[in-house]
Amino acid sequence: QQQVKQSPQSLIVQKGGIPIINCAYENTAFDYFPWYQQFPGKGPALLIAIRPDVSEKKEGRFTISFNKSAKQFSLHIMDSQPGDSATYFCAAAETSGSRLTFGEGTQLTVNP
Amino acid sequence: GAVVSQHPSWVICKSGTSVKIECRSLDFQATTMFWYRQFPKQSLMLMATSNEGSKATYEQGVEKDKFLINHASLTLSTLTVTSAHPEDSSFYICSASPLRFPNEQFFGPGTRLTVL
């Protein structure tokens, strides 16, 4: 019930491509879904977050798509750049600000 | 805004010693602070949740007598790894939820602990 499953485990795209990372959850009580970006040796940084009352949210080059009925959400990175190469984690929480359940992470490599 | 710092950024210690890691919210007050550990190429594992002035809530399987957490103020939480052993070597990361934005968790830069 508390799991968040993330795929793919790793992803390689060319500069300008649109990597898509998917997450699925089981707990219908989850109501807050953030995405984090982590560079090696650093802590995660919040990229963008969504709540179940909207199906899409965009901030800059990052877009979250949310499908409540399927219990899935995904991150799209438009016009990806080599500097976007990092590990991305999806997460979910029952109440905003409460404990987060993280996905397994996706290591993204954007080739020049 | 919403900056979280950790000190030290890395530490090497001998087996059997204790190590204290500090987590500070620099420009906001935090209702709740969280402590995670992360092994190489793995996800973050929540160890405990702490609220200022109260005892921490530990996740199942985390030894509270080994990982002592003190949340003394709205801007400071500490994690002490007692009698550290090589298997405790890991990347420890804290996060904090601001009073004004309880929706979000802001993460510190992490502390790399190596126990020899």
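Report on the accompanying structure. (Residues numbered from 1 in each chain as written. Chains lettered and ligands numbered in written order. Predicted model: local features only at pLDDT ≥ 70, side-chain atom pairs only at ≥ 80, totals over all residues. Heavy atoms only, no water.)

Remarks on the interface of chain B and chain A
This is how the line gets drawn: Whether two residues touch is decided by their heavy atoms; if any such pair falls within 4.5 Å, the residues are in contact. Joining two parts hides part of their accessible area as seen by a 1.4 Å probe, and the buried area is that hidden amount summed over both. The working definition used for a salt bridge is a side-chain nitrogen of Lys or Arg within 4 Å of a carboxyl oxygen of Asp or Glu. Polar contact is the term for a pair of N or O atoms within 3.5 Å; when the atoms are in protein, one must be able to donate a hydrogen and the other to accept it, and sequence-neighboring residues count only if both atoms are side-chain atoms. Counting from the N terminus, the helices are the DSSP runs of H or I reaching at least four residues and the strands are the DSSP runs of E reaching at least two. For this classification, Asp, Glu, Lys and Arg are treated as charged, while Ala, Val, Leu, Ile, Met, Phe, Trp, Tyr, Cys and Pro are nonpolar and the rest, including Gly, are polar.
Facing 19 residues of chain B, the contacting portion of chain A comprises 19 residues. Around 1,400 Å² of area is buried between chain B and chain A when both sides are counted, 52% of it from carbon and sulfur atoms. At the boundary of chain B and chain A, one finds 1 salt bridge. Across the salt bridge formed by arginine 99 of chain A and glutamate 59 of chain B, the nearest N and O atoms sit 2.5 Å from each other. For the pair chain B and chain A, the number of links is 5 residue pairs in polar contact (both at pLDDT 80 or more). Residue assignment for the side of chain B that touches chain A shows that the elements contributing at least two residues are strand E4 (30-38), strand E5 (44-51) and strand E9 (90-98) of chain B. For the side of chain B that touches chain A, the residue count by class is 9 nonpolar, 7 polar and 3 charged.

Structural notes on the sheet that holds strand E3 (residues 19-25) of chain B
All names here are of chain B. Our working definition: Two strands qualify as a pair provided DSSP detects at least 2 bridges between them. To obtain each axis, a line is fitted to C-alpha atoms, and for helices this fit is confined to the stretch in contact; angles are then taken between N-to-C directions over 0 to 180 degrees.
Reading across from one edge, E1-E3-E8-E7 is the order of the 4 strands in this open sheet, with antiparallel pairing throughout. A single partner strand is all that each edge strand has here, and the edge strands are strand E1 (4-7) and strand E7 (67-73). On average, each strand axis in the sheet is tilted by 15 degrees relative to the strand beside it, whichever way the strands run. Sheet topology places E7 next to strand E8 (residues 76-81); 5 bridges connect them, and they run antiparallel.

Examining the pattern of salt bridges
Residue and element names in this part refer to chain B. We count it as follows: A 1.4 Å probe rolled over the protein chains alone gives each residue an accessible area, and that area as a share of the maximum for its type sets the label: buried under 20%, exposed over 50%, partly exposed in between.
Tallying each qualifying case throughout the model produces 5 salt bridges over all chains. Close ionic contact of arginine 24 with glutamate 22 constitutes a salt bridge, the shortest N to O distance being 3.5 Å. Overall, the relative accessible area of 35% leaves arginine 24 in the partly exposed class.

Honestly, it's all geometry; don't read function into it.
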